[in-house]
Amino acid sequence: MNPRHIGADFRIVARSYFRNPLALFFSLIFPIILIGLFGLIFSSTASGTVSLEVLNEDHNSALSIQFLSALNETHIVQAVVVEDPSVTPANFATWLGQNDHPVGLVVPDGFAANFSRNQAVNMTVYTNPQDAASSGEAVFAVSGVANGFNLRAANGTALIQVPPAKTVGSQILTYIDFLIPGLIGFSILTSPMFSMVDIASSYRKEGIFRQLSLTPLTRAEWLTSRIAWYVLLTFVSAGIMIATGVYLFGAHVGVTLGMVPFLVVGPFLFVSLGMLAGSVTKTPESAALIGNIITFPMMFLSGTFFPVSQFPTGLQAFAHVLPLYYVIDGMNQVMLFSNTSLALSDLAVIFVSAVVVFALAIRFFQWRDE
Amino acid sequence: MPTAIEVRSLVKRYGTLAAIGGVDFSVPAGTVFAFLGPNGAGKTTTTEILEGLRRRTSGDVRVLGLDPWTEGRTLHRRIGVIPQDFRFFEKITPKEAVEYYRTLFHTDVDPGRLLAQVELLDKMHARFDTLSGGQKQKLGLALALTNNPEICFLDEPTTGLDPHARRAIWAVIRNLKREGRTVFLTTHYLEEAELLADQVAIIHHGRIIAAGTPGEIIRIHGIPPRISVEGPEELAGYLRAHLTASVFSERGRVEVELADRRDALKILSAIEESGIPWQAFETRQDTLENVFVRLVGQMDDGALKSEAPG
């Protein structure tokens with residue numbers, strides 16, 4: 001490995017890139033689009049408390065008011081009492097739908113009276129299946145508060161106390177916080193994979209590899225210069241994504257030095273993997289196909305958009321064989337949870353895979369024919 | 001004169017297909033060697049084997065005393081190669097390309113001087129994708145010269161170029177020879193080989209069918225020169241009666257084969273003595289092109305063989 005050779009090739013790559021306005025535009029604008037798009041889509045569900053429309057048929061009895069303030073104390077929902085006299089339990093569901101309220105609650109007439117006589121009462125929660133997150137949270141909050149009231153009615157003492165929930169890590173996490181490491185991982189995967197697969201087959205077809213094979217440049221030097229370029233690109237696009245997330249959506253991710261190894265080893269792995277995929281195939285078409293087969297499952301199943309812990313068990317096991325999972329998990333550990341030891345074990349997995357894939361890519365990528 | 005390239009019983013097979021079926025030749029250092037053949041004859045395969053870009057099936061190949069396949073990295077520092085249809089990074093300028101090669105080869109060549117040598121100085125800041133075909137080939141030539149090579153391999157360097165660009169490349173090749181370098185050239189332009197080459201080999205279907213200087217090939221494989229005049233069929237009849245040499249008559253021209261140049265005067269006086277009016281005297285010499293077409297045609301097609309004159 002001659003650093004001067006790598007430097008000379010790096011200058012060629014950088015110049016080619018800067019002189020291709022479309023490529024430059026996409027690599028700088030695409031991260032903003034990604035963060036902006038997903039931030040906008042998910043920021044509604046990520047905004048802390050869910051507004052719960054309450055139809056109080058119990059004539060604002062003291063107990064019903066206690067129940068509603070207990071609901072508000074959960075910080076999961078915010079009870080909003082419906083003042084419109086035309087709304088009745090019979091047309092409540094329609095009214096909720098017409099006014100775009102995802103969730104509602106009916107406190108029935110005789111709630112306080114029945115409760116004091118130890119008679120069962122129904123607290124009906126209305127949910128909108130299209131907004132699963134708000135619905136789940138509303139049902140969860142109402143049944144939690146109802147349990148507390150039930151205990152009181154039975155004069156029971158709650159043996160298991162759940163104090164107010166503490167957020168994992170040091171900050172309060174919203175969906176956008178989780179999305180930023182995921183999307184950085186997404187671009188670490190996709191941008192080198194797609195272009196290396198293409199370069200591997202088109203440079204071979206155009207004879208540029210043959211041309212380079214006639215110079216003292218080695219394949220390892222060539223691949224290293226590409227990796228260096230994608231490391232640089234990753235730093236720039238990660239910076240853009242974090243800035244967009246923080247300034248546009250109020251994300252609070254930790255920008256620490258601990259990210260640096262992931263932003264280096266990640267591109268190291270996926271530039272090599274793209275080159276390997278492009279080298280084991282004979283034609284550009286089959287190279288693109290192999291590239292897609294590798295890239296697409298990883299793109300969605302590595303915890304890019306949703307935490308892997310929310311997956312069904314089988315898919316979780318599958319996610320754990322995808323190298324991108326370790327990149328994203330590692331960055332989550334570093335940026336969200338400040339958990340260095342888990343991050344280090346993730347880093348070890350990526351680094352070992354990167355070294356193996358790099359060696360295989362050099363082995364399979366021939367720049368002259370037999 | 002030391003030998004730059006030595007090839008003995010070279011064979012290249014792709015599966016059962018023999019692309020090169022046992023080829024022998026050698027190129028003395030400091031000469032221009034032209035490798036001729038129709039498309040698909042095995043020119044490029046042979047060239048790539050010599051350049052270390054392709055592995056041979058069997059036979060012995062030495063370029064500057066090195067085995068091109070196993071000692072390619074050492075060899076590549078001493079040779080320059082322009083592959084057929086040279087391509088480079090699209091957004092890079094000739095000046096940057098030369099600087100790139102200069103760093104890779106650890107030389108201190110001046111990009112301006114090198115690009116002037118191949119007449120590309122005015123385009124030194126133009127991006128590769130804006131260059132014409134001839135300008136691209138010239139850049140290929142410049143890059144091949146960055147490491148001051150002892151042998152230059154040029155695979156069809158002028159294919160598809162306009163006559164002006166072609167002449168510019170020829171000038172560079174002549175200059176390479178003047179500088180004492182060995183030039184290995186493949187072409188299917190016979191004129192190019194005749195003008196530039198010291199030695200020519202014609203390859204067809206993976207075998208060399210003729211080799212030597214252009215003059216030798218014409219002498220051995222060509223038809224003898226003829227004395228040709230414009231004149232009627234009647235003149236041909238007269239000459240057949242009075243001369244032992246073969247006489248041909250076609251489209252108002254009468255031609256007499258000149259087996260020995262000392263017969264020239266005898267033939268001319270016979271024409272004059274006939275008293276039949278004649279004019280436009282000339283001698284007709286076979287060209288490398290005619291020889292090539294005839295040799296390749298004979299091997300390909302029996303019909304062509306029987307049509308060939310003489």
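Residues numbered from 1 in each chain as written. Chains lettered and ligands numbered in written order. Predicted model: local features only at pLDDT ≥ 70, side-chain atom pairs only at ≥ 80, totals over all residues.

## Observations concerning the overall build of chain B
The helix and strand tally for chain B stands at 12 helices and 13 strands. Residues classed as buried in chain B amount to 42% of the 310 residues present. Sequence separation of at least 24 residues holds for 67% of the intrachain contacts in chain B that already meet a minimum separation of 6. (Helix = DSSP H or I, 4+ residues; strand = E, 2+ residues; numbered from the N terminus. Buried ≥ 20, exposed ≤ 12 C-beta atoms within 10 Å, placed from the backbone. Contact = placed C-beta atoms within 7 Å.)

## Re the overall build of chain A
When its secondary structure is counted, chain A shows 14 helices and 4 strands. Since a compact globule built from 370 residues should have a radius of gyration of about 21 Å, the 28 Å found for chain A marks it as more spread out than a globular shape. For chain A, the spread of C-alpha atoms along the principal axes amounts to about 95 × 45 × 35 Å. Out of the 370 residues belonging to chain A, those deemed buried represent 41%. Considering only intrachain contacts with a sequence separation of at least 6, the fraction spanning at least 24 residues in chain A is 79%. (Rg over C-alpha atoms; globule rule 2.2 N^0.38 Å.)

## As for the domain arrangement of chain B
Partitioning chain B into structural domains gives domain 1 (3-220) and domain 2 (224-284). The C-alpha-based centres of domain 1 of chain B and domain 2 of chain B are spaced at 44 Å. (Domains from an automatic or database assignment.)

## Quick notes on the domain arrangement of chain A
What the domain assignment reports for chain A is domain 1 (3-43 + 174-364) and domain 2 (48-153). With centres defined by C-alpha atoms, the gap from domain 1 of chain A to domain 2 of chain A works out at 47 Å.

## Details of the packing of helix H9 (residues 219-249) of chain A against helix H10 (residues 260-279) of chain A
Residue and element names in this part refer to chain A. Direction vectors running N to C along H9 and H10 enclose 130°, while the axes themselves pass 8 Å from each other. Relative to H10, the element H9 is oriented oblique. For H9 against H10, the interelement crossing comes out right-handed. Across from Leu223, Arg226, Ile227, Tyr230, Val231, Thr234, Phe235 and Ala238 in H9, the residues of H10 making contact are Leu263, Val264, Gly266, Pro267, Phe268, Val271, Ser272 and Met275. Grouping the constituent residues of the contact of H9 with H10 by class yields 12 nonpolar, 3 polar and 1 charged. (Axes fitted to C-alpha atoms, helices over the stretch in contact; angles between N-to-C directions. Parallel < 35°, antiparallel > 145°, perpendicular 65-115°, else oblique. Left-handed = near helix turned anticlockwise from the far one by under 90°. Nonpolar A, V, L, I, M, F, W, Y, C, P; charged D, E, K, R; others polar.)

## Digging into the interface of chain A and chain B
A common measure of how large an interface is: the accessible area buried when the components associate. Taken together, the contact pairs 21 residues of chain A with 19 residues of chain B. Mapped by element, the contributors of at least two residues to the side of chain A that touches chain B are helix H1 (3-18) and helix H8 (208-213) of chain A. For the side of chain A that touches chain B, a count of residues per class yields 6 nonpolar, 7 polar and 8 charged.

## Considerations on the nonpolar core
Among the nonpolar cores identified, the biggest contains 145 residues, and B:Ala34, B:Ala142, B:Phe184 and B:Leu185 are the most heavily contacted of them. Take this core: its biggest share by element is 16 residues, from helix H7 (residues 175-206) of chain A. Listed in part, the 24 residues of the second largest apolar core include A:Val54, A:Leu55, A:Leu68 and A:Val142. (Core = buried A, V, L, I, M, F, W, Y, C linked by C-beta atoms within 7 Å.)

## Focus: the pairing of strand S10 (residues 226-230) of chain B
Residue and element names in this part refer to chain B. Where S10 lies against strand S12 (residues 253-257), 5 bridges are found, and the strand directions are antiparallel. By the bridge assignment, Glu230 is partnered in S12 with Arg253. Two strands pair when backbone bridges link them, and S10 and strand S13 (residues 279-284) are joined in this way by 4 bridges, in the antiparallel orientation. Residue pairing across strands places Glu230 opposite Gln279, the latter belonging to S13. (Pairing = 2+ DSSP bridges.)

## Focus: unusual backbone geometry
For B:Leu64, which is not a glycine, the phi torsion comes out positive at approximately 55°. Mapped onto the fold, B:Leu64 is located in the loop between strand S4 (58-63) and helix H2 (72-76).

## Description of H9(A)
In this model, H9(A) (31 residues) spans 43 Å end to end at C-alpha, consistent with the 45 Å of a helix rising 1.5 Å per residue. Looking one or two residues past H9(A), A:Gly250 carries a phi angle of roughly 60°, positive in sign. (Expected span 1.5 Å × (residues − 1).)

## Some words on H1(A)
The end-to-end C-alpha distance of H1(A), which contains 16 residues, comes to 22 Å, matching closely the 22 Å that a straight helix rising 1.5 Å per residue would cover. Taken together, the buried positions of H1(A) are occupied by A:His5, A:Ile6, A:Ala8 and A:Asp9. Buried residues of H1(A), viewed axially, fall in a sector of 165°; they line one side. The exposed residues of H1(A) that point more than 90 degrees off its buried face are A:Pro3, A:Arg4 and A:Phe18. Structurally, H1(A) contributes buried residues whose contacts are with H9 of chain A together with helix H3 (94-105) of chain B. (Arc of directions from axis to C-beta.)

## What to know about the environment of A:Ala200
All names here are of chain A. Counting through the fold element by element, Ala200 comes out in helix H7. Classification of Ala200 as buried rests on a count of 25 C-beta atoms within 10 Å. Residues within four places of Ala200 in sequence aside, it is in contact with Met275, Gly278, Ser279, Ala287 and Phe365.

## Here's the deal with the confidence of the model for chain A
On average, chain A scores 84 in pLDDT, and the residues at 70 or more come to 92%. Note that residues 166-171 of chain A has pLDDT below 50 and, in this model, 9 contacts with residues that lie over four places away or in other chains. (pLDDT = per-residue confidence, 0-100.)

## Quick word on the environment of B:Glu156
Residues and elements named next belong to chain B. Positionally, Glu156 belongs in the loop between strand S6 (151-155) and helix H6 (163-178). You can call Glu156 buried: it has 23 C-beta atoms within 10 Å. When the C-alpha atoms of Glu156 and Tyr189 are compared, they prove to be 8.7 Å apart, with 33 residues separating the residues in sequence. Ignoring sequence-local partners within four residues, the contact set of Glu156 consists of Gln84, Thr186 and Thr187.

## A word on the sheet that holds strand S11 (residues 247-250) of chain B
Residues and elements named next belong to chain B. Sheet architecture is open: 4 strands sit in the order S11-S12-S10-S13, paired in antiparallel fashion. Bordering the open sheet on either side are S11 and S13, each of which pairs with just one other strand. Here the average twist between neighbouring strands, direction ignored, is 20°. Helix-sheet contacts for helix H9 (residues 233-242) involve S11 and S12, and the interaxial angle to S11 is about 175°.

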